[in-house]
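Here is what each chain is made of, one letter per residue.
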Amino acid sequence: MNWFGFLVKTDIVDIFPAWHFQVVNPVFCIIHCELMRKIYRVIALSAFYLSLISSVFGQDTMRERPEEWDDLVNGGRFMDRFLPIPAVGDLSSDTWGWDAVKPRYIDNGIEDNEWSYWGGNIRKGDDGKYHLIVCRWPENAKKGHMDWPNSELVHAVSEHPLGPYKVAGPTIGKGHNPEYFRLSDGRFVIYVYKAYYVAESLNGPWQKGKFEYDRRDRKIIEGLSNVSFTQREDGSYVAVCRGGGIWVSRTGLSSYNQITNGSVYPPYDGRYEDPVIWRTNIQYHMIVNDWYGRIAYYMRSKDGTIWKVEPGEAYMPGIARYEDGTVVDWYKYERIKVLQDEYGRAFQANFAVIDSSKWGDLGNDHHSSKNICLPLVKGRLLTILDDEKITPNTHIIRVKIEAEKDFSPQTEVDIASLRFGASEEVNFGRGSHVKKTENEGKDLVVFFEGKGNGLSEKNFAAKLIGKTNDGELLFGYVRLPWLTYKESILSARKPKISTRKSKSMVEFEVQNFGEVPSAQTQVTVAIGADYERVILEGLIPPLKPYEKTTVRIKSDSEIDSDRNNIVINTKNRSQEMPLYNRKGDLK
């Protein structure tokens, strides 16, 4: 919705007098209230003031989409996975919000007239119920939505993943932007900005603590206000911060170590925040939101460090619609989280949504925010049955589509619609075609022609896209049997350079943050700009996971420690990410 539409649907007085009331005498405000209303309405009609609104609030701009996105087929973008929401309770107009969000099913997610809710994720508990940790603040707070720094955390429970969620038990404590996860020892951890809470049970008691973040001589990009976490196979945790840096913790509570040298976010113009990261039995996934452009992007990774941007929108306003045809036009969607099954597959997304600009939500008005739940198409379980590496010369690719309690591939799949291969191909309707099928128990084995698969060295998973016989989206990812998915991840700290008798010594710490031991590794250290670069070579001994060592490399000549560029790489490129990469003073 553009700003003109926003002003038409929202009483302009609900937005701007808050600024005025905070800086002048309250008695004056009461006397001149009607005059101020008239003034603001006149101002709202001017084009100049509309442009001022956009510049001040920075809430709405149109991002240019790549032309190739026009050729994406259904299933080629993450946004295609959002399903209509089943009816949850009764359809109601007796609630807050402008007409664009009414009527709606208020029992979807969590909302009421007393509190504004924001953020939070859902997990299925050992009791079979669904548990949401969410933050809230009083709807009648003087600053309205801008009272979010005073958020409190609550635990809400539902019998169904879509809701309704009802608060259970006392307030957990203060905090904003919550995300909770479970440690290998069974304890629960709630992350909030600048702190965490930990407990043996979601019913508490909760102990408050503070995460340690070791930036390891790297810049922290845009701070640590929005951090998302996922557990690796060895029980350790990988996290992404607001600015797109990747961090690793051995236990989930131990120090988080920054291992990337810059942001892993898409190379598009955007003001990014609200990342969410999760791992399936196949790969790692991430979605990050460009809040200014109101568009989000979807990314995938083999190991959680090197990320591949997928084409198309991950989500944007307009995705909330119900099975009965009801459409709810929320102004903003933020803080996406996903609900996962036993394989890690996301089958539901939940968002913090608001019906107006955040600055337009004032205390005791008809605007507020809530947490909503949207079902997702679940990726299907796939296995490549051939061990040999797939190449352009491969004739046949055998892929097994597994049966599940809610899915019979032998009876539900539209065979002719299936395409298989690299995501770069199938996302655009290309890829390998079906040659024949065979039944294997309740599973379906599909024989694809090798031609057109598109798989290359840059692919770490293959993708299937098709339809069910009812015309619904069917998709899935599958691992490539010839690849190793757990590898060492070497990361270095900033080198120190010492000089004596016209000879220099370069030394730096290297640590293995991977889940498996590293082999002896040759490294190159390039110091200085291209036209005056000094290149040294050295060896890193084998390192167990999380083990570290100090590497010392001698130079027969003096190295100026004021040189401002340094890159440490594996000589044989055994890992794509540099061990260290920095432009800046080495002192």
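Residues numbered from 1 in each chain as written. Predicted model: local features only at pLDDT ≥ 70, side-chain atom pairs only at ≥ 80, totals over all residues. Heavy atoms only, no water.

### Quick look at the overall build of the protein chain
And then number 1: Helix and strand counts for the protein chain come out as 7 helices and 38 strands.
And then number 2: Burial status across the protein chain gives 56% buried among its 587 residues. (Helix = DSSP H or I, 4+ residues; strand = E, 2+ residues; numbered from the N terminus. Buried < 20%, exposed > 50% of the residue type's maximum accessible area, 1.4 Å probe, protein only.)

### Things to note about the pattern of salt bridges
And then number 1: A complete count under the given rule lists 35 salt bridges for this structure.
And then number 2: When salt bridges that share partners are traced, they join Glu222, Arg242, Glu273, Asp274, Lys332, Glu334, Arg335 and Lys358 into one network. (Salt bridge = Lys/Arg side-chain N within 4 Å of Asp/Glu carboxyl O.)

### Describing the nonpolar core
And then number 1: Core analysis: the largest hydrophobic core is formed by 40 residues, its most contacted members being Phe82, Ile287, Tyr315, Trp330, Tyr333 and Phe351.
And then number 2: Put simply, the parts of the chain that give this core at least two residues each are β17 (272–279), β19 (295–301), β21 (332–340), β22 (346–354), β23 (369–375), β29 (461–468) and β30 (473–479).
And then number 3: When residues in this core are grouped by element, the largest group, 4 residues, is from β22.
And then number 4: With sequence-adjacent residues up to four places away left out, Phe82 is seen in contact with Ala314, Tyr315, Ile319, Arg321, Ala349, Phe351, Leu374, Pro375 and Leu376.
And then number 5: Met286, Met299, Phe513 and Met577 belong to the second largest nonpolar core, which has 23 residues in total. (Core = buried A, V, L, I, M, F, W, Y, C linked by side-chain atoms within 4.5 Å. Contact = heavy atoms within 4.5 Å.)

### Notes on the side chain of Glu313
And then number 1: Structurally, Glu313 can be placed in the loop between β20 (307–309) and β21.
And then number 2: Among the residues examined, Glu313 registers a relative accessible area of 7% and is labelled buried.
And then number 3: Polar contacts involving the side chain of Glu313 include one to the side chain of Arg77, which spans 2.5 Å.
And then number 4: Excluding its chain neighbours within four sequence positions, the residues that come into contact with Glu313 are Arg65, Trp69, Arg77, Phe78, Met79, Ile295 and Ala296. (Polar contact = N/O pair within 3.5 Å; in protein donor to acceptor, adjacent residues only side chain to side chain.)

### Some details on empty space enclosed by the protein
And then number 1: Enumeration according to the criterion identifies 5 cavities of 30 Å³ or more in this entry.
And then number 2: Of the volumes computed, that of the largest cavity is approximately 70 Å³.
And then number 3: Of the voids in this model, the second largest cavity is the one considered here, and its volume is about 60 Å³.
And then number 4: Forming the boundary of the second largest cavity are Glu233, Arg279, Thr280, Ile282, Gln283, Tyr284, Lys302, Asp303, Arg479, Tyr485, Lys486 and Glu515.
And then number 5: Class assignment of the residues belonging to the lining of the second largest cavity gives a composition of 3 nonpolar, 2 polar and 7 charged. (1 Å grid on protein atoms, 1.4 Å probe; cavity = no way out; pocket = protein on both sides within 12 Å on 5 of 7 lines; lining within 4 Å. Points joined across faces, edges and corners; volume = space filled by probe spheres on them. Nonpolar A, V, L, I, M, F, W, Y, C, P; charged D, E, K, R; others polar.)

### Focus: the layout of surface pockets
And then number 1: Its volume calculated, the largest pocket comes out at about 1300 Å³.
And then number 2: Every residue lining the largest pocket is counted, 47 residues in all, and those nearest its centre are Leu339, Gln340, Asp341, Arg345 and Phe347.
And then number 3: Those elements that place two or more of their residues in the lining of the largest pocket are β3 (115–124), β8 (179–182), β13 (228–231), β17, β21 and β30.
And then number 4: A volume near 830 Å³ is recorded for the second largest pocket.
And then number 5: For the lining of the second largest pocket, the per-class residue count stands at 13 nonpolar, 12 polar and 8 charged.

### Details of unusual backbone geometry
And then number 1: Here the residue pair Lys102 and Pro103 is connected by a cis peptide bond, since its omega of -5° sits within 30 degrees of zero.
And then number 2: Locating Pro103 in the fold gives a position in the loop between β1 (91–92) and β2 (104–105).
And then number 3: With an omega of 0°, the peptide bond running from Gly204 to Pro205 counts as cis.
And then number 4: Assignment of secondary structure puts Pro205 in the loop between β10 (195–199) and β11 (207–209).
And then number 5: With phi around 55°, Asn177 is a residue other than glycine that occupies positive phi space.
And then number 6: Within the element layout of this structure, Asn177 appears in the loop between β7 (173–174) and β8.
And then number 7: On the accessibility criterion, Asn177 (10% relative accessible area) is buried.
And then number 8: Within the chain, Asn364 stands out as a residue other than glycine whose phi angle is a positive 60°.
And then number 9: Relative to the assigned elements, Asn364 resides in the loop between β22 and β23.

### A word on the pairing of strand β14 (residues 237–240)
And then number 1: Burial along β14 is two-sided: the residues Tyr237 and Ala239 and Val238 and Val240 are all buried.
And then number 2: Note: β13 against β14, 4 bridges, orientation antiparallel. The residue bridging Phe229 from the neighbouring strand is Ala239, located in β14.
And then number 3: Between β13 and the antiparallel strand that follows it, β14, lie 5 residues; Gly235 among them carries a positive phi value of about 90°.
And then number 4: As paired elements, β14 and strand β15 (residues 246–249) share 4 bridges and run antiparallel to each other. Note on β15: the bridge partner recorded for Ala239 is Trp247.
And then number 5: Between β14 and the antiparallel strand that follows it, β15, lie 5 residues; Gly244 among them carries a positive phi value of about 100°. (Pairing = 2+ DSSP bridges.)

### Concerning the sheet that holds β14
And then number 1: What the 5 strands build is an open sheet, ordered β12-β16-β15-β14-β13; its pairing is mixed. Every interior strand has two partners, whereas the edge strands, β12 (213–214) and β13, have only one.

### Quick look at the environment of Thr437
And then number 1: Of note, Thr437 is situated in strand β27 (residues 434–440).
And then number 2: Along the primary structure Thr437 and Phe447 are separated by 10 residues, whereas in three dimensions their C-alpha atoms are 5.8 Å apart.
And then number 3: In this structure Thr437 touches Ile415, Leu444, Val445, Val446 and Phe447, once residues within four positions along its chain are discounted.

### Points about the packing of aromatic side chains
And then number 1: Counted according to the given criterion, the structure contains 28 aromatic pairs.
And then number 2: For the ring pair Tyr105 and Tyr322, a centre distance of 4.8 Å and an interplane angle of 50° mean the geometry is tilted. Highlighted residues: Tyr105 in strand β2 and Tyr322 in the loop between β20 and β21, separated in sequence by 217 residues. With respect to burial, Tyr105 and Tyr322 carry one shared label: buried.
And then number 3: Residues Tyr191 and Phe229 carry aromatic rings whose centres are separated by 5.4 Å and whose planes lie at 55° to one another, so their mutual orientation is tilted. Residue Tyr191 is located in strand β9 (residues 188–192), and its partner Phe229 is located in strand β13; the two are separated by 38 residues in the primary sequence.
And then number 4: By relative accessible area, which is 1% here, Tyr191 ends up buried.
And then number 5: The structure contains a cluster of three or more aromatic residues connected by ring pairs, namely Phe181, Tyr191, Tyr196, Phe211, Tyr213, Phe229, Tyr237, Trp247 and Tyr256.
And then number 6: It is Arg136 that lies over the ring of Trp115; its NZ or CZ is 3.8 Å from the centre. (Phe/Tyr/Trp six-rings, centres within 6.5 Å; stacked < 30°, edge-to-face > 60°. Lys NZ or Arg CZ within 6 Å of the ring centre and 35° of its normal.)

### Side note on a negative patch on the surface
And then number 1: The grouping of Glu64, Glu67, Glu68, Asp70 and Asp71 at the surface amounts to a negative patch.
And then number 2: Exposure remark for Asp71: the relative accessible area of 51% places this residue in the exposed category. (Patch = residues over 30% accessible without salt bridge, like charges linked within 9 Å, V, L, I, M, F, W, Y side chains within 5 Å. Areas by Shrake-Rupley, 256 points an atom, 1.4 Å probe, with all protein chains shown as cover. Lys, Arg positive; Asp, Glu negative; His and termini not counted. Charge placed at Lys NZ, Arg CZ, Asp CG, Glu CD.)

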